[in-house]
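Overview (structure and organization)
These are the residues of each chain, in order.
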Amino acid sequence: MTAPTIDESPSPPLRLRPPRHAVDPRAVRWWSLQLWLLTAVPVVPLGVLGLLIAPARLWLLGPAVVLAVVGALAALTLPRLWFRHHRWEVTDDAVYTRTGWFFQEWRVAPLSRIQTVDTGRGPLEQRFGLATLTVTTASARGAVKVEGLDAETAAALAADLTAATQATPEDAT
């Protein structure tokens, strides 16, 4: 399987449109694990304290159970929804992203406005072979991030974007 790179086809003027590429399917497991860990942070201490402190058992185990159920439902459903809605694309003119399910955010970063291109990999991302591509622009809105990319794809995109922005005649300020 070849990694998607900058599309070479002629592109229409910049406009907000749905990006073509989905994030890597491994991102679903990465997001799920993040939610499981986030759920465990309050549930484990509440559960342990509930078992050790008999008079407060109901007040500690009750919230622990509620948080565990909500966290489990979130970990089982939200990553699949996010996967369906997170999209990205890099063309000869811009970087397009769409994130969110309930509150959607669509971003277009013209190549002429790109200042830096970075990739980052946290410990969990490394475990799943994923990376985050961060495109910093001259926008007050901040950097455009594409999370959940295959690490090799992210590296190739960073290299391609760096070369493309260096070849873009306009100033990125």
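What you see is a predicted model, and the numbers here were worked out from it, not measured in a lab. (Residues numbered from 1 in each chain as written. Predicted model: local features only at pLDDT ≥ 70, side-chain atom pairs only at ≥ 80, totals over all residues. Heavy atoms only, no water.)

Description of the side chain of Thr165
Structurally, Thr165 is set in helix H4 (residues 151–167). Judged by its relative accessible area of 18%, Thr165 falls in the buried class. Polar side-chain contacts of Thr165 include one of 3.0 Å to the backbone oxygen of Thr162. Excluding its chain neighbours within four sequence positions, the residues that come into contact with Thr165 are Leu111 and Ile114. (Helix = DSSP H or I, 4+ residues; strand = E, 2+ residues; numbered from the N terminus. Buried < 20%, exposed > 50% of the residue type's maximum accessible area, 1.4 Å probe, protein only. Polar contact = N/O pair within 3.5 Å; in protein donor to acceptor, adjacent residues only side chain to side chain. Contact = heavy atoms within 4.5 Å.)

A short note on the confidence of the model for the protein
On average, residues of the protein carry a pLDDT of 88, and 87% of them reach 70 or more. Taken element by element, the protein is modelled with least confidence in strand S4 (residues 105–110), mean pLDDT 89, and with most confidence in helix H1 (residues 26–52), mean pLDDT 97. (pLDDT = per-residue confidence, 0-100.)

Some details on the pattern of salt bridges
For the coordinates displayed, the defined rule picks out four salt bridges. With a closest N to O distance of 2.5 Å, Arg26 and Asp150 form a salt bridge. Placement of the pair is Arg26 in helix H1 and Asp150 in strand S7 (residues 144–150), with a sequence separation of 124 residues. Several salt bridges share partner residues, and in doing so they unite Asp24, Arg26 and Asp150 into one network. (Salt bridge = Lys/Arg side-chain N within 4 Å of Asp/Glu carboxyl O.)

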